[in-house]
Protein chains: 2
Amino acid sequence: MSDIHLFDQAVALQVRDDGSFAGNTHPAWGNMIGPFGGITAAQCLNAVLQHPERLGEPVAFTINFAAALADGAFTVKPRPARTNRSTQHWVVEMLQGDEVVATATVFTAVRRETWTGHEARMPEVPRPQDTPRTPRHGVKWLDRYDMRFLDGVIPSKWDARTQEDSLTRLWVRDDPPRPLDFASLTALADVFFPRVWLRRARLVPIGTVSMTVYYHADASQLAQAARGYLLVQAQGQGFGGGYFDHAGQLWDESGTLLATTHQVVYFKE
Amino acid sequence: MSDIHLFDQAVALQVRDDGSFAGNTHPAWGNMIGPFGGITAAQCLNAVLQHPERLGEPVAFTINFAAALADGAFTVKPRPARTNRSTQHWVVEMLQGDEVVATATVFTAVRRETWTGHEARMPEVPRPQDTPRTPRHGVKWLDRYDMRFLDGVIPSKWDARTQEDSLTRLWVRDDPPRPLDFASLTALADVFFPRVWLRRARLVPIGTVSMTVYYHADASQLAQAARGYLLVQAQGQGFGGGYFDHAGQLWDESGTLLATTHQVVYFKE
């Protein structure tokens, strides 16, 4: 397996006779408890991407994390709930044993040329090659990415000095570099450390419960992004009652909007 | 039925022996083709809210609109895919005959008191009573809401003058007023006319394919909003390849963030 990129190792699935897909958690993608949510999301999406009945490319993806995955085998069951002429609605469940560990929905479509006018424009920032790599340590999956923070870096002191704003911006790409595709873009949508840590400068326990990605690029546009960096940003919106959410955007180096993303995250205290 | 609010008439469901719920589209909520998506969303959520096994209150809701509903009966099938100690993950399907017309996922949780620090703050705007009601005509569901636009009103001339920005802000409440709850808040998250109409000043055909709502308030906070207006805003992000998305926020009159929302919408040409 050593020649295969660790991302491809992690998202590899084997189709079973009943149409479900078998996969395994990968130690290189470990988080504090269970794997990095982005790789779980990529595995769920990949089951739809590999499905023989799939029509078109992903436009919308929502994953709900129902439980921390245990190390080991899992099953992904994608089901086309509705197939129209050029669009398709998928319902996905990921299981370990008989227990559901994630649910997801995927909307795929055959895209058509239309008017284009992205409104979420890339902010003016230094280029990735002019931005030093930010050391990140602690959990395994951080070693899978080259991150170059521009704004909103993770606090260096956990001094509980509350701040008003949780905007984070960074350049990021797979390490080693790997051509961008829908699965890796989906994982990249989850690279943001929890906004509540930035607001509070406190390491409270957290866990993402739901994440949505809207794809604004087709496969050929992702191919153009190639092995380059993405500029990604996220900012929190509501924080209270045990949950916060953030909204984010992902652009390629040329400034093309590739995806928008949102997630809601459990936090303690 | 005449004493029952048209919203409550529309979201009323009858439980069947198999645990599914029977409902009917309501002519007062008609859109150009099929019903207003917000009322379909409220019906799907309501099946979970009425389910005897439900644990806690909604935190995240995603609905995927798979087909235009035909006038008449529908069935909603909510299923708890995973129940944890204080959280629950629901998968919902709405059917007409054997055809899936919508899929949804709902995350519910028993909320706990935590640190609160909403970052998406209500903009400074005139009060609803100082803002004239905006006449809206054309489709039936528009008569169900009192809308008072502050910014980004629907174009009065369809002159195809493209504009850079699609921010819309308005005060809105049910007409006649009705105490706010999770179902009506969910419908209110879909009141925005399509951002592509604002950007292009052209009435291109559109249809929402997926909408997500994150709830930042519990039932007691919604009760405080009572029959007041909500300040709601939305702005487009990506537009191209037949789809655009928007991100939005909903506050009560006192400025409390009640929900954030996102949707992706099909458009033609």
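Worth saying up front: this structure is predicted, and the values here are computed from it rather than measured.

## Some words on the overall build of chain A
Turning to step 1, where the next piece is worked out: Secondary structure summary: chain A contains five helices and 12 strands in total.
Turning to step 2, where the next piece is worked out: Along the longest, intermediate and shortest principal axes, the C-alpha atoms of chain A span 55 × 45 × 40 Å.
Turning to step 3, where the next piece is worked out: By residue count, 61% of the 269 residues in chain A fall in the buried class.
Turning to step 4, where the next piece is worked out: If you take every contact in chain A between residues at least 6 apart in sequence, the share linking residues at least 24 apart comes to 68%.
Turning to step 5, where the next piece is worked out: Just so you have it, chain A exposes about 10600 Å², and 49% of that area is on carbon and sulfur atoms.

## Here we look at the interface of chain B and chain A
Turning to step 1, where the next piece is worked out: Across the contact, 64 residues belong to chain B and 64 residues belong to chain A.
Turning to step 2, where the next piece is worked out: Here chain B and chain A share an interface that buries about 5100 Å² over both sides, 52% of which is from carbon and sulfur atoms.
Turning to step 3, where the next piece is worked out: The largest contributions to the chain B side of the interface with chain A come from B:Trp115, B:Glu119 and B:Gln237, which together make up 16% of the buried area.
Turning to step 4, where the next piece is worked out: Put simply, chain B and chain A have eight salt bridges between them.
Turning to step 5, where the next piece is worked out: The residue B:Glu93 makes a salt bridge to A:Arg79 at a minimum N-O spacing of 2.8 Å.
Turning to step 6, where the next piece is worked out: Counting across the interface, chain B meets chain A through 50 residue pairs in polar contact (both at pLDDT 80 or more).

## Let's talk about helix H2 (residues 37–49) of chain B
Turning to step 1, where the next piece is worked out: Between the first and last C-alpha of H2(B) there are 18 Å, a value that for 13 residues agrees with the 18 Å anticipated at 1.5 Å per step.
Turning to step 2, where the next piece is worked out: Along H2(B), 13 of the 13 residues are buried, which leaves the element largely enclosed by surrounding structure.

## Remarks on the pattern of salt bridges
Turning to step 1, where the next piece is worked out: All chains considered together, the criterion is met by 28 salt bridges over all chains.
Turning to step 2, where the next piece is worked out: Between B:Arg169 and B:Asp151 there is a salt bridge; the shortest N-O distance is 3.9 Å. Here the residue B:Arg169 occupies a position in strand E8 (residues 168–174), and B:Asp151 occupies one in strand E7 (residues 145–151), the gap between them amounting to 18 residues.
Turning to step 3, where the next piece is worked out: Among the ionic pairs, B:Arg202 bridges to B:Glu269, the shortest N-O distance being 2.6 Å. On the criterion of sequence distance, the pair formed by B:Arg202 in the loop between helix H4 (195–200) and strand E9 (206–215) and B:Glu269 in the segment after strand E12 (257–267) is long-range, its members being 67 residues apart.
Turning to step 4, where the next piece is worked out: Shared partners join several salt bridges into a network, and the residues in it are A:Arg133, A:Asp146, A:Arg148 and A:Asp175.

## A look at the side chain of A:Asn46
All names here are of chain A.
Turning to step 1, where the next piece is worked out: If you trace the backbone, asparagine 46 turns up in helix H2 (residues 37–49).
Turning to step 2, where the next piece is worked out: Since its relative accessible area comes to 9%, asparagine 46 is described here as buried.
Turning to step 3, where the next piece is worked out: Beyond its immediate sequence surroundings of up to four residues, asparagine 46 is in contact with Val11 and Leu13.

## Brief notes about the pairing of strand E11 (residues 243–252) of chain B
All names here are of chain B.
Turning to step 1, where the next piece is worked out: Among the 10 residues of E11, 10 are classified as buried, and the element is accordingly described as predominantly covered.
Turning to step 2, where the next piece is worked out: The pairing of strand E10 (residues 230–240) with E11 spans nine bridges and is classified as antiparallel. Looking at the pairing, phenylalanine 239 lines up with phenylalanine 244 of E11.
Turning to step 3, where the next piece is worked out: Count of turn residues in the E10/E11 antiparallel hairpin: two residues, of which glycine 241 carries a positive phi of about 60°.
Turning to step 4, where the next piece is worked out: Two elements, E11 and E12, share nine bridges in a ladder whose sense is antiparallel. Bridge pairing in E12 places histidine 246 opposite glutamine 263.
Turning to step 5, where the next piece is worked out: Linkage of E11 to E12, two consecutive antiparallel strands, is achieved through a turn of four residues, within which glycine 255 is found at a positive phi near 95°.

## Here's the deal with the sheet that holds E7(B)
Residue and element names in this part refer to chain B.
Turning to step 1, where the next piece is worked out: Pairing within the open sheet is antiparallel, and its 12 strands lie in the order E1-E2-E4-E5-E6-E3-E9-E12-E11-E10-E8-E7. A strand with exactly one partner marks an edge of an open sheet, and here the two such strands are strand E1 (14–15) and E7.
Turning to step 2, where the next piece is worked out: Looking at chain direction, E1 and strand E2 (residues 21–24) are connected through two bridges and run antiparallel. Note on E2: the bridge partner recorded for glutamine 14 is alanine 22.
Turning to step 3, where the next piece is worked out: Where H2 meets the sheet, it contacts E2, strand E3 (57–65), strand E4 (73–83), strand E5 (87–96), strand E6 (99–109) and E9, and its direction lies at approximately 130° from that of E3.

## Section: the confidence of the model for chain A
Turning to step 1, where the next piece is worked out: For chain A, per-residue confidence averages 97 on the pLDDT scale, and residues scoring 70 or more make up 99% of the total.
Turning to step 2, where the next piece is worked out: Predicted as a complex, the structure gets a pTM of 0.98 and an ipTM equal to 0.98.

## Quick look at the packing of aromatic side chains
Turning to step 1, where the next piece is worked out: Counted according to the given criterion, the structure contains 28 aromatic pairs over all chains.
Turning to step 2, where the next piece is worked out: Ring plane angle 10° and centroid distance 3.9 Å describe the contact between A:Phe36 and A:Trp141, whose orientation is recorded as stacked. Remark: A:Trp141 occurs in the loop between strand E6 (99–109) and strand E7 (145–151) and A:Phe36 occurs in the loop between strand E2 (21–24) and H2; sequence separation between them is 105 residues. Of the two residues, A:Phe36 and A:Trp141, neither departs from the other in class, the shared state being buried.
Turning to step 3, where the next piece is worked out: Between B:Trp141 and B:Tyr145, the ring centres sit 6.0 Å apart and the planes meet at 75°, which makes this aromatic pair edge-to-face.
Turning to step 4, where the next piece is worked out: The buried category is assigned to B:Tyr145, whose relative accessible area is 2%.
Turning to step 5, where the next piece is worked out: The residue whose ring lies beneath A:Arg199 is A:Phe239, and the NZ or CZ to ring-centre distance is 4.8 Å.
Turning to step 6, where the next piece is worked out: It is B:Arg195 that lies over the ring of B:Phe193; its NZ or CZ is 4.7 Å from the centre.

## Comments concerning the side chain of A:Ser20
Residue and element names in this part refer to chain A.
Turning to step 1, where the next piece is worked out: Looking at the element boundaries, serine 20 is found in the loop between strand E1 (14–15) and E2.
Turning to step 2, where the next piece is worked out: Only 2.7 Å separates the side chain of serine 20 from the side chain of aspartate 18, close enough to count as a polar contact.
Turning to step 3, where the next piece is worked out: Once residues lying within four places of it in the same chain are set aside, the contact partners of serine 20 are Gln14, Val15, Thr75, Val76 and Lys77.

## Structural notes on the pairing of E3(B)
Residues and elements named next belong to chain B.
Turning to step 1, where the next piece is worked out: Counting buried residues along E3, eight of its nine residues qualify, which places the element largely inside the surrounding structure.
Turning to step 2, where the next piece is worked out: Judged from the eight bridges that link them, E3 and E6 form a sheet pairing that is antiparallel. Considered in E6, the bridge of phenylalanine 65 is made with alanine 102.

What counts and how
- Residues numbered from 1 in each chain as written.
- Chains lettered and ligands numbered in written order.
- Predicted model: local features only at pLDDT ≥ 70, side-chain atom pairs only at ≥ 80, totals over all residues.
- Heavy atoms only, no water.
- Helix = DSSP H or I, 4+ residues; strand = E, 2+ residues; numbered from the N terminus.
- Buried < 20%, exposed > 50% of the residue type's maximum accessible area, 1.4 Å probe, protein only.
- Contact = heavy atoms within 4.5 Å.
- Areas by Shrake-Rupley, 256 points an atom, 1.4 Å probe, with all protein chains shown as cover.
- Buried area = accessible area lost by both parts, 1.4 Å probe.
- Salt bridge = Lys/Arg side-chain N within 4 Å of Asp/Glu carboxyl O.
- Polar contact = N/O pair within 3.5 Å; in protein donor to acceptor, adjacent residues only side chain to side chain.
- Expected span 1.5 Å × (residues − 1).
- Pairing = 2+ DSSP bridges.
- Axes fitted to C-alpha atoms, helices over the stretch in contact; angles between N-to-C directions.
- pLDDT = per-residue confidence, 0-100.
- Phe/Tyr/Trp six-rings, centres within 6.5 Å; stacked < 30°, edge-to-face > 60°.
- Lys NZ or Arg CZ within 6 Å of the ring centre and 35° of its normal.

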